[in-house]
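So the chains spell out like this:
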Amino acid sequence: MTVEAVIWDFGGVFTTSPFEAFARYEAENGVPKDLIRKVNSTNPDTNAWALFERNEIDAKGFDDLFLAESTALGHPVPGRDVLPLLSGAVRPRMVAALRVCKEHFKVGCITNNMVSHHSPGADEPQQAAGAMGQILPLFDHVIESSKAGVRKPDPKIYLMMCEALGVAPETCVYLDDLGINCKPAAALGMRAIKVTDVDLTLAELSAATGLIFEAEVSA
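This report concerns the structure included in the present document. Note that the coordinates shown come from a computational prediction; the quantities given were computed from them, not determined experimentally.

**Observations concerning the packing of aromatic side chains**
Okay, step 1: Counted according to the given criterion, the structure contains 9 aromatic pairs.
Okay, step 2: With 5.1 Å between their ring centres and 35° between their planes, W8 and F14 make a pair best called tilted.
Okay, step 3: Overall, the relative accessible area of 0% leaves W8 in the buried class.
Okay, step 4: The class of F14 is buried, set by a relative accessible area of 0%.
Okay, step 5: Centroid distance F19 to F22: 6.0 Å. Interplanar angle 50°. Geometry classified as tilted. Of this pair, F19 and F22 both sit in helix 1 (residues 18–28), 3 residues apart, which is roughly one turn of that helix.
Okay, step 6: Chaining the aromatic ring pairs together yields one cluster made of F19, F22, W49, F52, F62 and F66.
Okay, step 7: Lying across the ring of F19, R37 places its NZ or CZ 3.7 Å from the centre.

Structure below.
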């Protein structure tokens, strides 16, 4: 495989996974484990999460609709409680790996996000906005679902990135923390890497690109 581009997800890749924050919220509020993820996976193309990431509803609409959807599953959770849980700590080694890749390949970012929440152009209601503001300028091209009106795992958004970078899918490596988002990338011919443990991820990225990544980032 000849690599011409490395394409990255953002949350859960350059920052720690929001699933950890979801679990803490559920434990602290007597909500069944993984309920928030269950809400987000129910009617995944038309639920509150999907509509907000395509910028088809505003924050108030998300708050109300998420509450209705979680209530339908037996445990009411306001959408306004969920949004602050999306912020995560930056993973410096992943950012360092991005910088190394940028020296050799085109680099792009496809992120499902919410324009009124953690888009770089929004008011910064949480630390993730600052992280995005610092990291996104490193990319050659960025596609935000809230601005493009299309979200992963729709294959169209991956093809939009390939067109923007001027590369064929089969020359791309794609990284995402969600398997559902890796599948369409792989189906298009990309080398898909599911991000879990940072060490394992960078080992896979090294194998795919032939690049060497530092084991640790100097302070």
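**Brief notes about the packing of helix 6 (residues 92–104) against helix 11 (residues 198–209)**
Okay, step 1: Across the interface, helix 6 lies against helix 11 with an axial gap of 11 Å and an inter-helix angle of 10°. The angle between helix 6 and helix 11 places the two elements in the roughly parallel class. Residue-level inspection shows R93, M94, A97 and C101 of helix 6 in contact with helix 11, the latter providing V198, D199, T201, L202 and L205.
Okay, step 2: Along the lines of polarity and charge, the residues of the contact of helix 6 with helix 11 split into 6 nonpolar, 1 polar and 2 charged.

**Notes on unusual backbone geometry**
Okay, step 1: K152 connects to P153 through a cis peptide bond whose omega is 15°.
Okay, step 2: Phi angles above zero are rare outside glycine, and N43 is one such case at about 50°.
Okay, step 3: Checked against the element boundaries, N43 lands in the loop between helix 2 (35–41) and helix 3 (48–53).
Okay, step 4: Positive phi, close to 60°, is recorded for N55, a residue that is not glycine.

**Here's the deal with the side chain of E69**
Okay, step 1: Tracing the sequence through the fold places E69 in helix 4 (residues 59–72).
Okay, step 2: Buried E69, no salt bridge; nearest opposite-charge side chain is R54, N-O distance 10 Å.
Okay, step 3: Sequence-distant contacts of E69, defined by excluding residues within four places in its chain, comprise V39, N47 and A48.

**Topic: the pattern of salt bridges**
Okay, step 1: Considering all chains together, one arrives at 10 salt bridges under this definition.
Okay, step 2: Ionic pairing is found between K33 and D34, a salt bridge with its closest N-O pair at 3.3 Å.
Okay, step 3: The class for K33 is exposed, based on a relative accessible area of 68%.
Okay, step 4: One salt bridge in this structure joins D63 and R80, with 2.9 Å as the shortest N-O distance. Of this pair, D63 sits in helix 4 while R80 sits in helix 5 (residues 79–82); the two residues are 17 residues apart in sequence, bridging distant segments of the chain.
Okay, step 5: The exposure class assigned to R80 is exposed, which follows from its relative accessible area of 53%.
Okay, step 6: Where salt bridges share partners, they join D9, K152 and D176 into one cluster.

Rules used in this analysis
Residues numbered from 1 in each chain as written. Predicted model: local features only at pLDDT ≥ 70, side-chain atom pairs only at ≥ 80, totals over all residues. Heavy atoms only, no water. Phe/Tyr/Trp six-rings, centres within 6.5 Å; stacked < 30°, edge-to-face > 60°. Buried < 20%, exposed > 50% of the residue type's maximum accessible area, 1.4 Å probe, protein only. Helix = DSSP H or I, 4+ residues; strand = E, 2+ residues; numbered from the N terminus. Lys NZ or Arg CZ within 6 Å of the ring centre and 35° of its normal. Axes fitted to C-alpha atoms, helices over the stretch in contact; angles between N-to-C directions. Parallel < 35°, antiparallel > 145°, perpendicular 65-115°, else oblique. Contact = heavy atoms within 4.5 Å. Nonpolar A, V, L, I, M, F, W, Y, C, P; charged D, E, K, R; others polar. Lys, Arg positive; Asp, Glu negative; His and termini not counted. Salt bridge = Lys/Arg side-chain N within 4 Å of Asp/Glu carboxyl O.

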